[in-house]
Amino acid sequence: MQTKFNCLPMRLKFVHKLRAAFLVILAITLLIIEANLQKSLKETSDYKYALDAEAILAITDKKGIITYVNKNFCTISKYTEAELNKGAAFYFSLPN
């Protein structure tokens, strides 16, 4: 017959195995999440590349201040990226 003291080593072994299994599952989950993030980053990068290559693109914040312009926008506007990204003098306002 096992007493409380005899069961303790078995419980500790079980806890260690359970902890190890949890860590393996956690590691696999993190690898899956990382792979999904890498895929999303690649897709986003591809979209940005396509937009920059073919579109005249300017991105603004909520106030309409320019935060990003692509080379096509600079070519059309005849301003440099640095001049446009300063934001203070250049902004878009949209009708309400």
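Keep in mind the model is a prediction, meaning the values are calculated, not measured.

Analysis parameters
Residues numbered from 1 in each chain as written. Predicted model: local features only at pLDDT ≥ 70, side-chain atom pairs only at ≥ 80, totals over all residues. Heavy atoms only, no water. Helix = DSSP H or I, 4+ residues; strand = E, 2+ residues; numbered from the N terminus. Buried < 20%, exposed > 50% of the residue type's maximum accessible area, 1.4 Å probe, protein only. Contact = heavy atoms within 4.5 Å. Salt bridge = Lys/Arg side-chain N within 4 Å of Asp/Glu carboxyl O. Pairing = 2+ DSSP bridges. Core = buried A, V, L, I, M, F, W, Y, C linked by side-chain atoms within 4.5 Å. pLDDT = per-residue confidence, 0-100.

A. Examining the overall build of the chain more closely. Along the backbone of the chain there are three helices and two strands. The helix and strand sequence of the chain, counted from the amino end, reads α-β-β-α-α. Buried positions account for 10% of the 96 residues belonging to the chain. Within the chain, counting contacts between residues at least 6 apart in sequence, those at least 24 apart form 16% of the total.

B. Layout of the pattern of salt bridges. Applying the stated criterion to the full structure yields two salt bridges. K42 serves as the salt-bridge partner of D46, at 2.9 Å between the closest nitrogen and oxygen. In this pair, D46 and K42 both sit in helix α1 (residues 4-54), four residues apart, roughly one turn of the helix. Exposure remark for D46: the relative accessible area of 37% places this residue in the partly exposed category. A salt bridge links D52 to K48; the nearest nitrogen and oxygen atoms lie 2.7 Å apart. Placement of the pair is D52 and K48 together in helix α1, with a separation of four residues, close to one helical turn. By relative accessible area, K48 is classed as partly exposed at 44%.

C. Summary view of the pairing of strand β2 (residues 66-69). Across three bridges, the pairing between strand β1 (residues 58-60) and β2 is antiparallel. Bridging from a neighbouring strand, T60 pairs with I66 of β2. Hairpin connection between β1 and β2: a loop of five residues separates the two successive antiparallel strands, and G64 in this loop has a positive phi of roughly 90°.

D. Region of the structure containing the nonpolar core. In terms of nonpolar packing, the biggest core is built from five residues, these being I66, V69, F73, C74 and L84. Taken together, the elements giving at least two residues each to this core come down to β2 and α2 (71-77).

E. Main features of the confidence of the model for the chain. Averaged over all residues, the pLDDT of the chain is 84; the fraction at 70 or higher stands at 82%. Within the chain, α1 carries the highest mean pLDDT (91), whereas helix α3 (residues 81-85) carries the lowest (81).

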